[in-house]
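In case you want the letters, here they are:
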Amino acid sequence: MNSLTRPGPAFALIAAALLLVHVPTAQAQNPMPGMGDMPGMDMNLPPVKIPAGADYTEADVRFMQGMIAHHGQAVYMTSLAKAHGASDHLLTLAQKISQSQIAEIGLMQGWLRANGQFAPDSSAWRHMMMPGMLTADQLAQLDAAHGQEFDRLFLTFMIQHHEGALKMVQDLFATPLAGQDIDVSVFANDVHTVQTAEIGMMQRMLSTL
Amino acid sequence: MLKVRTLFAAALTLACGCAGAGAPASAPAPTAGPVGPTYPSANDPRNNLKPGFYDAGTAAEGLQLVSFTPKPAIFDSTRGLTFINSDVAFRDHYVYQGNFAGFSIWDVSNPAKPVLTAAVSCITSQGDPTIVGHLLFISAESSGNRTDCAKGGVQNPADRMEGVRIYDVSNPAAPRLIKNVQTCKGSHTHTLVPDPNDPNIVYLYVSGLQGVRSDSTAYGCHDGTNPADPNNSLYRLDVIKVPLNNPEQAAVVTGARIFTGLGVAPTSEMRREAMAARSRGRGGRGGARAGGEAPLPTGPRNCHDVTAYPAMHLLAGACASYGLLVDISNPEHPVRLDAKSDTNFSLWHTAVFSNDGSKVVFTDEWGGGTGPMCQATSMMQMGGNTILTIKNGKMTEHGFFKLPSAQTAQENCVSHNGGLLPVPGRDLMVQGWYQGGIDISDFTDPDHPYEVAYFDRGPIDPPNDTTHASGRSRYTIGGSWGAYYWNGYIYSSELARGFDIYQLVPTDKLSANEIAAAKLVRMEQYNPQSQPHYTFPPAFPVIRSYLDQLGRDNGLSADRRSSIDQALTTAEGQSGSARGATLSNLAGQVDKDVNGATDKSRVRAMANEIRRLAAVSR
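Residues numbered from 1 in each chain as written. Chains lettered and ligands numbered in written order. Predicted model: local features only at pLDDT ≥ 70, side-chain atom pairs only at ≥ 80, totals over all residues.

K.L.:
I'd love a proper account of the overall build of chain A, names of residues and values included.
P.N.:
Looking only at helices and strands, chain A has six helices and zero strands in total. With 209 residues in all, chain A has 58% of them scored as buried. When contacts within chain A are restricted to residue pairs at least 6 apart in sequence, long-range pairs at least 24 apart make up 80% of them. (Helix = DSSP H or I, 4+ residues; strand = E, 2+ residues; numbered from the N terminus. Buried ≥ 20, exposed ≤ 12 C-beta atoms within 10 Å, placed from the backbone. Contact = placed C-beta atoms within 7 Å.)

K.L.:
So what's going on with the sheet that holds strand β22 (residues 394–401) of chain B? Residues and values would help.
P.N.:
Residue and element names in this part refer to chain B. On the basis of which strands lie adjacent, the open sheet formed by four strands has the order β19-β20-β21-β22 and antiparallel pairing. Only two strands of the sheet have a single neighbouring strand rather than two, namely β19 (348–353) and β22. For this sheet, the mean inter-axis angle between neighbouring strands, taken without regard to orientation, is 30°. Bridging between strand β21 (residues 385–391) and β22 involves six bridges; their strand directions are antiparallel. Bridged to Leu 388 within β22 is Glu 397. (Pairing = 2+ DSSP bridges. Axes fitted to C-alpha atoms, helices over the stretch in contact; angles between N-to-C directions.)

K.L.:
Please give an account of the domain arrangement of chain B that cites residues and values.
P.N.:
Residues and elements named next belong to chain B. If you check the domain split of chain B, you get domain 1 (8–26 + 34–263 + 304–461 + 478–526) and domain 2 (540–616). In this structure, domain 1 and domain 2 have C-alpha centres spaced 38 Å apart. Taken residue by residue, the interface counts 10 residues in domain 1 and nine residues in domain 2. Considering each element in turn, the side of domain 1 that touches domain 2 owes the most residues, four residues, to helix α2 (residues 512–519). In the side of domain 1 that touches domain 2, the residues fall into five nonpolar, three polar and two charged. (Domains from an automatic or database assignment. Nonpolar A, V, L, I, M, F, W, Y, C, P; charged D, E, K, R; others polar.)

K.L.:
Give a description of the packing of helix α5 (residues 576–593) of chain B against helix α6 (residues 600–616) of chain B that names residues and reports values.
P.N.:
All names here are of chain B. Packing of α5 against α6 brings their axes to within 8 Å, and their N-to-C directions diverge by 165°. Considering the angle they form, α5 stands roughly antiparallel to α6. Where α5 crosses over α6, the handedness of that crossing is left-handed. Contact residues: Gly 580, Leu 583, Ser 584, Leu 586, Ala 587, Val 590, Asp 591 and Asp 593 in α5; Val 603, Met 606, Ala 607, Ile 610, Arg 611, Leu 613 and Ala 614 in α6. When the residues that make up the contact of α5 with α6 are grouped by side-chain class, the tally is 10 nonpolar, two polar and three charged. (Parallel < 35°, antiparallel > 145°, perpendicular 65-115°, else oblique. Left-handed = near helix turned anticlockwise from the far one by under 90°.)

Below, the structure written as structure tokens:
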């Protein structure tokens, strides 16, 4: 039994959460990446209250909440790989992205809870649209693909998805006074470093398909 | 527990999700691709340790805790990364321990009872220290760090401090901030490179994980995304030159452009097609990048850490998607010799050379240090140590080592910082794995690294507890940032709990003689990222280390080992020229053993050590 069919408990929980709800519909109302860049547009998110003396700003809270949704969709994408006949090479990449981002979702939720802020769950991507996230159309394309075509679309879409994460980090640090909380700062820099490297890796994989 | 790693195109032993901590490990059959290590079964003493902050359960082999000292009061809070300890540096009888909110200076004259000499408050993540004489250098990266060290964040960009702080610690009880050197990308870490000719000059190679600071034009920095642009501040490591007798004059003097030509994104048909597909996917809005815009350069532009080995004029750069080998004969003009990338690395994080410079261990900080990446289900080919050999300035990948113990979901764990444990005839590395504990591994055979000793605590947080009674939330980040051998003891900086000192205890994997030989190596000053070269004085424990190793690998017949042991015992009971004569005679006999031995090079090395001791026994 390999690890994609028998993943860890955290993965299993998230996968269950993801699979119980069927394919997203909310994006259909907001099909243009970029249009939903502000997570505040999601009416389900409660307003942010910043306690006096906090090192963080509303932009930091929105970044962490939005990145949970962003990561959630990436994890969902990776969960398709096995059943869609992805190559061994791609399965390994998908597993790496999945395990990395599940851990990071936990970190972000932990930070939000520790700071008394609302922590979205990993299915939040179904009603939040962050930069680079796949539209309903793109998800349907991915879900319809198989074998090498799945590999190609997965890489193409995941590069788009990762580039959106880089944009979120850049936007965070471009916001006055944001990105100074040490946990947010370290995490955001990690996301930028790791996802930049993964984009390069995926570009190489794509060029050798 | 190891494997020869190839690019993961060949790979598909999807590591071992198969073996849970409680289930017997089933090792994947050897294949052409990588075979991950497997975690031990339920018998591993590190399984199921009791959670706790100060009262966690412990398990150890070959290591014994000599003292544990909690953090100084000013850092004794748990709030994410705000108050965590970071790296350490050593000089005289002091240990300098960084913290994201300042630093501590410990007097370790008595390792059983470290005494806090100073605890300095200064918001300075991540606070990695380097000590040179009476100057202490501290890395500052986060955009909330201020020139005046105070809390409250940066309201005015002119108050921001990202770079290297310089303290005068001539009076270690009262450190004095004498200079903030601003750098273009801040300073996640920095590495000491002494000038090879002028003892009054040192260089600091600064690694920053960010892009170029938007406020850094004031410090002469230039943003830019073209790797070939010789003026951009992005694709370089800032190099600070420090005149030791006038540290106020320390300044960035150049940039180490060690990335040039690496990893520019492919411009193949596939890439163009991918971009076109993406544009289509954006419902007609996607012309944004279709107008002939160059692909984003995705090659490396930052290193997480670089490790200098001044005695060998080498530097190993752990630079995100690449591991680099660099010639630093001229510290102001480093020259890249080689670069390796491997998709089984998430983040090339840090490096340690073997003492002879023929090998280098690169670590992979998968999960950034905050993720629980050592679980039974975690990928085995990620987040460990990769051993490379170095020949004629080129690196070749060999084996892989990951902590052979499954940790819980509550424990942030991945391969992290360490250094060498000096033992004759062996390459041993001691390192921290965050909440995976500390671990000593043997990489003498680069294809077959293995664990020699460990110490592990249970998780800080209890399982499935979203909010601890104390108000600590889950995901408390803790464990060993780095563990280093220095003058007889192993010192470990515990992120959340404090400061640990260990001693080695003999096992079948590390003998009393090998431990005694290690104790013969003394260093006045030790900055792990500026690796010292060590040598052993002529001594019985050095000879006996080889003899023990020949017993362990059965590299020489038991009869001969026994005779040599007896001759050494005789010599130990003698003195002066009598001892010299016994040893000279023995050396001659051991020379003759070489041919019949299965481990010839070790027998030869032992003969040389016997002769070396004979030469000083007059």
